[in-house]
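Each chain, written out:
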Amino acid sequence: MSSSNGGVSSADSFGFSGMKIFEVARDCLPDDRKRTQNLVETKDDVLFVWNSKNCCVLTLNWRAASTRKDQQQKYQTLIPSAPQNFTVEKILPSAEGTFLALSGPRGLSILELPRRWGPNGQYQNGKECIICRAYNLDEHLFTENPNLEVLQIRWHPASPTDSHILALLSDNSIRVYDVDSLRHVWRVGPSPGLLVNGGHPVSPSPGHASTSAKLAYLNSLGDTAVDFDIAPPRVVSATTVNGSDDTTMLSSRTTMVSMMRDNLNISSATTTNSFVKTQKPNNDKVEWPIVILRGDGNVYILCAGIDTDRPKLQGPISILPQVEDNYGLDSCSLVVIPSLPPTIIIAESTGKTHHALLLEEEFPAERSFNELDSSLIIYPSEWYLQVLETVELELGLTGVDETKTYSCPIHLKRDLLNESRYFAYHNAGLHAITLDFTRQLVLFVESEEDTSDRYPLFTSQSRAEYVVCTKALQHMSSNAVIGFALLQSPSGVLLQLASGQVVTLDLISDHHMIHDWKVKSGSKSSTGTESPLKKLLKDPFQDRIQSILKSGTTQPILKLDKSSEPTPQESFELLTQATRMLREHYFVKHDKARQEIERRVHVLRLLKDQQLREIAQLQQEKQQIRETAERLAENYEDICDKQNALFKRAQEVVRLATLRLPKGSFSEKKYAEMIEKICNATKQLQKNVDQAKQKISAQQVQVEQKQKAYNERIVTLPKKQEVIIQQIISEMYTQIDGYVKDIKKINNMLNLS
């Protein structure tokens, strides 16, 4: 870590505290700031900050703002078209930056981000306020189930449209959405209630306990999933057995090494499309193991592709070496680091983090079993976890009384630029943990020598650095982290605290651990969806208010004994109890409903003002377009008149030029054409004559050759034939002589006559 940057504060290396976007964010902090949230995120060079007061997203090109410190960079406001019916505690941009997820314990919303263009790379060329299409997912589900909560959300790295998101709910289910459409509901544990048909509630039978009681029972046993993450993909050969996918892993070391080498240095977003397109042979398919953590420390794996309807749930995974507390009975978060083999980080609320490797079982079991829920089938696991080390984080500075320990939920986030590092942020600050064994694993995998008989020795321990502390003593209130983001190019971290303070620090990375990134853009396609206004009308706001005002407790009807007056002490106790009940269970709900109504009115007023401004702007543009059209029409008429005048003048010029042409020009032209034709014909005849002469010469040579051969030939006839021929010739001579005499006589007769 580095915290010096010239004239900038040591706790603000990038100078974000003085930016206008965080000045506005300080005035719009959430009401509940006692627990850790994540209302700040970054995607490439775009910074997203959630405005809890106005229920909108503030965005800024932080890279351009940090490089141009002399010029105040303007931020933009993204206003959701559909207001959220829940308190947003986490924002998460998609892998390609197409969507932004807004989540809270009581709901999930997807915000479609506009296009970016312009010199500063801002949305819609720097427009100040932009209304973005928003989708509130499964509002009915949360309205009808007041105890249902969203525990974790993850964008699926294999989404071809960058629009698939996974949401882990407190009813032990993972719901897969494609923007606003529900694709799958995957069971990851026993169900606390009777939720069937894609999440629609069914009234329980009299013999069953309520959903709330079952959920509390499962939470007390630790059988509720608390977090999940997506591990690197694997190629499996699929065959259908009894309607389920029976997969056999291609576990050769060469295949796995090549797969993982491609994934070691690539983020989850870019890995998806290239891996699926290049590594899918024949009928094989790609599966993404989803690692699921339960509150009791047990780990399960859900083997599923993006289009899998009924994936296999495997577990619980064996954790070695075995310990009595199963490496934590108060587990709260989990993250997967895509090393080879994958590294699993498990965090406890007490501050302990366990580093384990996800390894394959050599002889997996061949039987399946059920848990508390008979409808849930859990298959034997193909993996096991080998815990390498446990790191205990210090939650706040140690006080005088060290027996009292502070505990709070730990949130984990891995460093995309350095696979050997991850971050843990919580109510007491921020920790950076560096893993030393990941580099040894990379060297072991990339080694060209035969290392099948030896494995790397993990001699060095991981390092944990307490970067930011927000809790000094045990009796002091904590300054929780409500926003944590990682900056890239240059590398850094950004924290927003509950007090409104902004902390930015430079990140120093080991040059041996910096990897080359392979960037490949995926095709994005927009899907037609239902109008957000229609969805908003389907769920009236009064239902939301009614759900808030609905009392979670029941009070008996008070029947006092009228024969005896209650004592003043009893009356005071009854009055105190009623007052406390009203104050704790009724007035609080009314205050919450009032705040909800005020927030909704405020958001709708902002939307109305923005829409009125845009309508006025559109009216101005319409008037400008109309004036421009009128001016263009006038110019068109003038141009047409000028064109007609020029056309007439051109006709007159042609007529006058024709009149002044010399006489006989037409005949001379015809005569020249005739002479040219005669010349061409003469040339053609000359060509034909030359060809004829050549043929005659060739024929003459042939005739001479034949004549010479004929003259050289000596013909000898038999004596008898020679005599006969002489007789015939003499007869012919006598006849010819007679004919000559007859002709002379006829001539003499004709001359005399």
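Preceding this section is the structure that the text describes.
Residues numbered from 1 in each chain as written. Predicted model: local features only at pLDDT ≥ 70, side-chain atom pairs only at ≥ 80, totals over all residues. Heavy atoms only, no water.

## Looking at the overall build of the protein
When you go through the protein residue by residue, the secondary structure sums to twelve helices and 37 strands. Counting the 753 residues in the protein, one finds 40% classified as buried. When contacts within the protein are restricted to residue pairs at least 6 apart in sequence, those whose partners lie at least 24 apart make up 63%. (Helix = DSSP H or I, 4+ residues; strand = E, 2+ residues; numbered from the N terminus. Buried < 20%, exposed > 50% of the residue type's maximum accessible area, 1.4 Å probe, protein only. Contact = heavy atoms within 4.5 Å.)

## Structural notes on the layout of surface pockets
If a probe as big as a water molecule is rolled over the atoms, it shows which places are left empty. The space that makes up the second largest pocket amounts to roughly 1400 Å³. Taken together, 42 residues line the second largest pocket, and the ones lying closest to its centre are Thr87, Arg544, Ile548, Lys592 and Glu596. For the lining of the second largest pocket, the secondary-structure elements that each account for two or more residues are helix H3 (139-144), helix H9 (541-549) and helix H10 (568-659). In terms of residue count, the dominant contributor to the lining of the second largest pocket is H10 (eleven residues). Here the lining of the second largest pocket is built from residues that sort into twelve nonpolar, twelve polar and 18 charged. (1 Å grid on protein atoms, 1.4 Å probe; cavity = no way out; pocket = protein on both sides within 12 Å on 5 of 7 lines; lining within 4 Å. Points joined across faces, edges and corners; volume = space filled by probe spheres on them. Nonpolar A, V, L, I, M, F, W, Y, C, P; charged D, E, K, R; others polar.)

## A few points about the pairing of strand E26 (residues 343-348)
With six of six residues buried, E26 lies mostly within the body of the structure. Neither face of E26 is open: one carries Thr343, Ile345 and Ala347, the other Ile344, Ile346 and Glu348, and all of them are buried. With six bridges joining them, strand E25 (residues 331-337) and E26 adopt antiparallel strand pairing. From the neighbouring strand, Leu334 faces E26, where its bridge partner is Ile346. Connecting E25 to the next strand, E26, in antiparallel fashion are five residues. Examined bridge by bridge, E26 and strand E27 (residues 352-360) share five bridges and lie antiparallel to one another. Among the inter-strand pairings, Ile344 is bridged to a residue of E27, identified as Ala356. In textbook terms, the turn of a hairpin is the stretch between consecutive antiparallel strands, and for E26 and E27 this stretch comprises three residues, one of which, Gly351, has a positive phi near 105°. (Pairing = 2+ DSSP bridges.)

## Concerning the state of the cysteines
By the definition in use, this model includes zero disulfides. Here Cys408 is not disulfide-linked; the sulfur of Cys332 is the nearest cysteine sulfur, at 8.2 Å. Exposure remark for Cys408: the relative accessible area of 3% places this residue in the buried category. (Disulfide = S-S within 2.5 Å.)

## Quick word on the sheet that holds E26
Strand order in the open sheet formed by five strands is E24-E30-E27-E26-E25, and the pairing between neighbours is mixed. At either margin of the open sheet sits one strand with a lone partner, and together these are strand E24 (318-320) and E25. With direction set aside, neighbouring strand axes in the sheet form an average angle of 30°. Strand direction decides the pairing type here: E24 and strand E30 (residues 383-392), joined by three bridges, are parallel. Bridge pairing links Ser318 to Tyr384 in E30. (Axes fitted to C-alpha atoms, helices over the stretch in contact; angles between N-to-C directions.)

## A few points about the packing of aromatic side chains
Summed over the entire model, instances satisfying the criterion amount to seven aromatic pairs. With 6.4 Å between their ring centres and 65° between their planes, Phe16 and Trp62 make a pair best called edge-to-face. In this pair, Phe16 is assigned in the segment before helix H1 (20-27) and Trp62 in helix H2 (residues 62-67), connecting sequence segments 46 residues apart. An identical accessibility class is assigned to Phe16 and Trp62; each is buried. (Phe/Tyr/Trp six-rings, centres within 6.5 Å; stacked < 30°, edge-to-face > 60°.)

## Let's talk about a negative patch on the surface
Judged by side-chain charge, Glu627, Glu630, Glu634, Glu637, Asp638 and Asp641 come together as a negatively charged surface patch. Mapped onto the elements, Glu634 comes out in helix H10. Assessed through its relative accessible area of 52%, Glu634 is described here as exposed. (Patch = residues over 30% accessible without salt bridge, like charges linked within 9 Å, V, L, I, M, F, W, Y side chains within 5 Å. Areas by Shrake-Rupley, 256 points an atom, 1.4 Å probe, with all protein chains shown as cover. Salt bridge = Lys/Arg side-chain N within 4 Å of Asp/Glu carboxyl O. Lys, Arg positive; Asp, Glu negative; His and termini not counted. Charge placed at Lys NZ, Arg CZ, Asp CG, Glu CD.)

## Here's the deal with the side chain of Asn298
Summarising the element assignment, Asn298 is placed in the loop between strand E21 (284-294) and strand E22 (299-304). Within the structure, the side chain of Asn298 is placed 3.1 Å from the side chain of Asp296, a separation counted as a polar contact. Once residues within four sequence positions are removed from consideration, Asn298 is found in contact with Ile292, Leu293, Pro316 and Asn326. (Polar contact = N/O pair within 3.5 Å; in protein donor to acceptor, adjacent residues only side chain to side chain.)

## Some points on the sheet that holds strand E5 (residues 90-93)
Reading across from one edge, E5-E6-E7-E11 is the order of the four strands in this open sheet, with antiparallel pairing throughout. For this open sheet the edge positions go to E5 and strand E11 (134-137), each flanked by a neighbour on one side alone. Each strand of the sheet is rotated relative to its neighbour by a mean of 20°, with strand direction disregarded. Note: strand E6 (residues 99-104) against strand E7 (residues 107-112), six bridges, orientation antiparallel. Counted as the bridge partner of Gly104 is Gly107 from E7.

## Brief notes about the pattern of salt bridges
Per the counting criterion, the structure on display carries 17 salt bridges. Across the pair Asp45 and Arg116 runs a salt bridge, and its minimum N-O distance is 3.1 Å. You can see Asp45 sitting in the loop between strand E1 (40-43) and strand E2 (46-51) and its partner Arg116 sitting in strand E8 (residues 116-117), a full 71 residues away along the chain. Look at Asp45 and you get buried, because its relative accessible area is 16%. Given a relative accessible area of 34%, Arg116 falls into the partly exposed group. Glu382 is the partner of Arg234 in a salt bridge, and the nearest nitrogen-oxygen pair spans 2.9 Å. In this pair, Arg234 sits in strand E19 (residues 234-241) while Glu382 sits in the loop between strand E29 (377-379) and E30, placing the two residues 148 residues apart along the sequence.

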